[in-house]
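Commentary on secondary and tertiary structure
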Amino acid sequence: MSTETTAQLSTELRDKPPASFGELTPEQVGVLTAALQAQRERQASGLNQAAEDALKLVPALARGPVRRILFR
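So, here's what we can say about the structure. Small disclaimer: the values here were computed from a predicted structure and weren't measured.

Thoughts on the pattern of salt bridges
- For the coordinates displayed, the defined rule picks out three salt bridges.
- When the shortest N-O distance is used, the salt bridge between Glu12 and Arg40 registers 3.6 Å. Of this pair, Glu12 sits in helix α1 (residues 3-13) while Arg40 sits in helix α2 (residues 26-55); the two residues are 28 residues apart in sequence, bridging distant segments of the chain.
- For Glu12, a relative accessible area of 11% translates into the label buried.

With respect to a nonpolar patch on the surface
- Together, Ile69, Leu70 and Phe71 make up a nonpolar patch on the protein surface, roughly 320 Å² of accessible area in all.
- Among the structural elements, Leu70 can be located in helix α3 (residues 60-70).

Points about α1
- Regarding α1, the residues found buried are Thr5, Leu9, Ser10 and Glu12. Projection of α1 onto a plane perpendicular to its axis shows the buried side chains occupying an angular sector of 160 degrees, all on one side. Turned more than 90 degrees away from the buried face of α1 sit Thr3, Glu4 and Thr11, all of them exposed.
- Taken together, the buried residues of α1 touch α2.
- Positive backbone phi, approximately 60 degrees, marks Arg14, located one or two places after α1.

Things to note about the packing of α1 against α2
- Interaxial distance between α1 and α2 falls to 10 Å at its minimum, and their mutual angle equals 25 degrees. Looking at the two axes, α1 sits roughly parallel to α2. Crossing of α1 over α2 shows left-handed handedness. Note on element contacts: α2 touches α1 through Val29, Leu32, Thr33, Leu36, Gln37 and Arg40, opposite Thr5, Gln8, Leu9, Glu12 and Leu13.

Basis of the calculations
Residues numbered from 1 in each chain as written. Predicted model: local features only at pLDDT ≥ 70, side-chain atom pairs only at ≥ 80, totals over all residues. Heavy atoms only, no water. Salt bridge = Lys/Arg side-chain N within 4 Å of Asp/Glu carboxyl O. Helix = DSSP H or I, 4+ residues; strand = E, 2+ residues; numbered from the N terminus. Buried < 20%, exposed > 50% of the residue type's maximum accessible area, 1.4 Å probe, protein only. Patch = residues over 30% accessible without salt bridge, like charges linked within 9 Å, V, L, I, M, F, W, Y side chains within 5 Å. Areas by Shrake-Rupley, 256 points an atom, 1.4 Å probe, with all protein chains shown as cover. Arc of directions from axis to C-beta. Contact = heavy atoms within 4.5 Å. Axes fitted to C-alpha atoms, helices over the stretch in contact; angles between N-to-C directions. Parallel < 35°, antiparallel > 145°, perpendicular 65-115°, else oblique. Left-handed = near helix turned anticlockwise from the far one by under 90°.

Structural measurements only, silent on function.
Structure, rendered in structure tokens:
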């Protein structure tokens, strides 16, 4: 694995990749890194949508201040 692909994968894993990942080809590492990025984006989008849906339970006049408190 090249230093660049290792760095990208480490960023997505938020840790050093396991030693066994050294057996992967650069293309496989690229696919894995892209899949991890896509999953994080989907997760963040889902969390944002859930938070917005939860704010619908807050009275309209209080939504602005609650949003500012929660999402500084």
